[in-house]
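Okay, here's what each chain looks like letter by letter:
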Amino acid sequence: MSGDTAAMGGEATQQQKTAGGNRIQVSNSKKPLFFYVNLAKRYMQQHGDVELSALGMAISTVVTIAEILKNNGLAIEKRIKTSTVEIHDDMRDRPIQKAKIEIVLGKTDNFDELMAAATGEAAAGDGEEHS
């Protein structure tokens, strides 16, 4: 797991810039799951789609994020790509192979309605708490 974090640490911001701003490089140790779910929603609002990308052990996290968005009716799969990348392991001083996944999700037709309803419910819930 620490290898995933080290391998992805410097790549995250660099790849995000080169992909046009709609790529999320997911790590399974840096942020909680719903941070990525909410970030993906925001990216879909801004760009119309989002690319979720991960290496190694973080692949299951990306799949979970995609399934949450799909099951809530917010996203549809546009593309799934798997590959293997070679990363230099400094601890063993040799290259190692890592599995990589990229999932591109697009907004559903009723994405904006669902997001507006969720925002409305959150605002109503906040009002009740302050009463």
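Residues numbered from 1 in each chain as written. Predicted model: local features only at pLDDT ≥ 70, side-chain atom pairs only at ≥ 80, totals over all residues. Heavy atoms only, no water.

- The protein chain has the name DNA/RNA-binding protein Alba-like domain-containing protein in an unreviewed UniProt entry, where Eleusine coracana subsp. coracana is given as its organism.

### With respect to the sheet that holds strand β3 (residues 75-89)
Note on sheets: strands pair through backbone hydrogen bonds, and any given pair is parallel or antiparallel.
Then, number 1: Sheet architecture is open: four strands sit in the order β1-β2-β4-β3, paired in mixed fashion. Single-partner strands in this sheet number two, and they are β1 (23-25) and β3. In this sheet, neighbouring strand axes are inclined to one another by 20 degrees on average, regardless of whether the strands run parallel or antiparallel.
Then, number 2: Bridging between strand β2 (residues 49-55) and strand β4 (residues 94-107) involves seven bridges; their strand directions are antiparallel. Bridge pairing in β4 links A54 to I101.
Then, number 3: Against the sheet, helix α3 (residues 33-47) makes contact with β1, β2, β3 and β4, and its axis sits at roughly 145 degrees relative to β2, the strand it touches most. (Pairing = 2+ DSSP bridges. Helix = DSSP H or I, 4+ residues; strand = E, 2+ residues; numbered from the N terminus. Axes fitted to C-alpha atoms, helices over the stretch in contact; angles between N-to-C directions. Contact = heavy atoms within 4.5 Å.)

### A word on the packing of aromatic side chains
Then, number 1: Applying the stated criterion across every chain, the model contains one aromatic pair.
Then, number 2: Consider the rings of F35 and Y36, whose centres lie 5.4 Å apart with planes at 80 degrees: the pair is edge-to-face.
Then, number 3: The exposure class assigned to Y36 is buried, which follows from its relative accessible area of 4%. (Phe/Tyr/Trp six-rings, centres within 6.5 Å; stacked < 30°, edge-to-face > 60°. Buried < 20%, exposed > 50% of the residue type's maximum accessible area, 1.4 Å probe, protein only.)

### Notes on the nonpolar core
The nonpolar side chains of soluble globular proteins are, as a tendency, buried together.
Then, number 1: I24, V50, L52, L69 and L105 are the most contacted members of the largest nonpolar core, which has 25 residues in total.
Then, number 2: Within the residue set of this core, elements represented by two or more residues are α3, β2, α4 (59-71), β4 and α5 (111-130).
Then, number 3: Those residues in contact with I24 that lie beyond four places of it in its chain are Y36, L39, A40, Y43, V50, E51, L52 and S53. (Core = buried A, V, L, I, M, F, W, Y, C linked by side-chain atoms within 4.5 Å.)

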